[in-house]
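Understanding the architecture of this molecule
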Amino acid sequence: DMDRRNHPTDYNTDGTRKGAEEKIPPTEPKSLTPIYVSDIDRILAELGDVEYWADPLFPAQSIIQVVGYNGHGKSYFLSSILMSMCAGQRRFGPYDFNKSPPKVLYMDFDNPGRTVLSRMKKFSKQFGDPSDKFALWSAAAIHPDDGGSINLNTPEGVAMFERWVDHVKPDIIAIDTIRNAFGGFDENSAQEWHRVNSIAKYLRDTKKATVILVHHRNKPGE
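Residues numbered from 1 in each chain as written. Predicted model: local features only at pLDDT ≥ 70, side-chain atom pairs only at ≥ 80, totals over all residues. Heavy atoms only, no water.

A closer look at the layout of surface pockets
The computed volume of the largest pocket comes to approximately 360 Å³. Lining the largest pocket we find His 7, Thr 9, Asp 10, Asn 153, Pro 155, Asp 186, Ser 189, Gln 191, Glu 192, His 194, Arg 195 and Ser 198. Counted by class, the lining of the largest pocket contains 1 nonpolar, 7 polar and 4 charged residues. Taken as a whole, the second largest pocket holds about 180 Å³ of empty space. Forming the boundary of the second largest pocket are Asp 49, Val 50, Glu 51, Trp 53, Pro 59, Ala 60, Gln 61, Ser 62, Asp 171, Lys 208 and Thr 210. (1 Å grid on protein atoms, 1.4 Å probe; cavity = no way out; pocket = protein on both sides within 12 Å on 5 of 7 lines; lining within 4 Å. Points joined across faces, edges and corners; volume = space filled by probe spheres on them. Nonpolar A, V, L, I, M, F, W, Y, C, P; charged D, E, K, R; others polar.)

What to know about the pairing of strand 6 (residues 104-108)
Counting buried positions over the 5 residues of strand 6 gives 5, a clear majority of the element. By the alternation rule, side chains of strand 6 split into Val 104, Tyr 106 and Asp 108 and Leu 105 and Met 107, which are all buried. By the bridge criterion, 5 bridges tie strand 6 to strand 7 (residues 134-138) in an arrangement that is parallel. When the bridges of strand 7 are listed, Val 104 appears paired with Phe 134. Note that the unit made of strand 6, helix 4 (residues 113-127) and strand 7 has a crossover that is right-handed. Of the strand pairs in this sheet, strand 6 and strand 8 (residues 172-176) are connected by 5 bridges, and their pairing is parallel. Counted as the bridge partner of Val 104 is Ile 172 from strand 8. (Buried < 20%, exposed > 50% of the residue type's maximum accessible area, 1.4 Å probe, protein only. Helix = DSSP H or I, 4+ residues; strand = E, 2+ residues; numbered from the N terminus. Pairing = 2+ DSSP bridges. Right-handed = clockwise from strand over helix to strand, strands pointing away.)

Shown next as structure tokens:
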């Protein structure tokens, strides 16, 4: 009852929780084989060592969150380090790039078009031309008719987002910011964070990508 009062939009008019009526058919597992101590060395050898795009910031095929208050330079830092990596630089300040240049899809839901384009031009002069390794999607600079309108809280938005991912085939996907990518995002809602995590895990596990989520924290009061 308390959850229904606090989150009325999560419930149907008859009081049932939205989505509760959706039935997922059971699937038969291929096998029911647990992991025993004798299996550990073999599995670890198959997994291999952890690789980093930027050691120790960005492990390959992982999920990272960049968090800070508005105006702290999250987007500036992230886009600069990713562009330097794509341009073939071997280090960025104290961070070493141990792998060959990745392909990056930077999804900018937050910044004005002039800002992101000016940064991209500046960083290409500073670090070198990343060629097609750095792909920018900008909600402000790409027309909606050309796939520039995405809301990850809708099935249509998720479908368009996946089309972009399949088109670019990135090693690293940056979503800047969660609040604007998931329209109307409530950072205090566990249900909405579950949706963010589900999409991030899908990109990591299915698309084999490193996923970087940028999040604006609300500034505290006194």
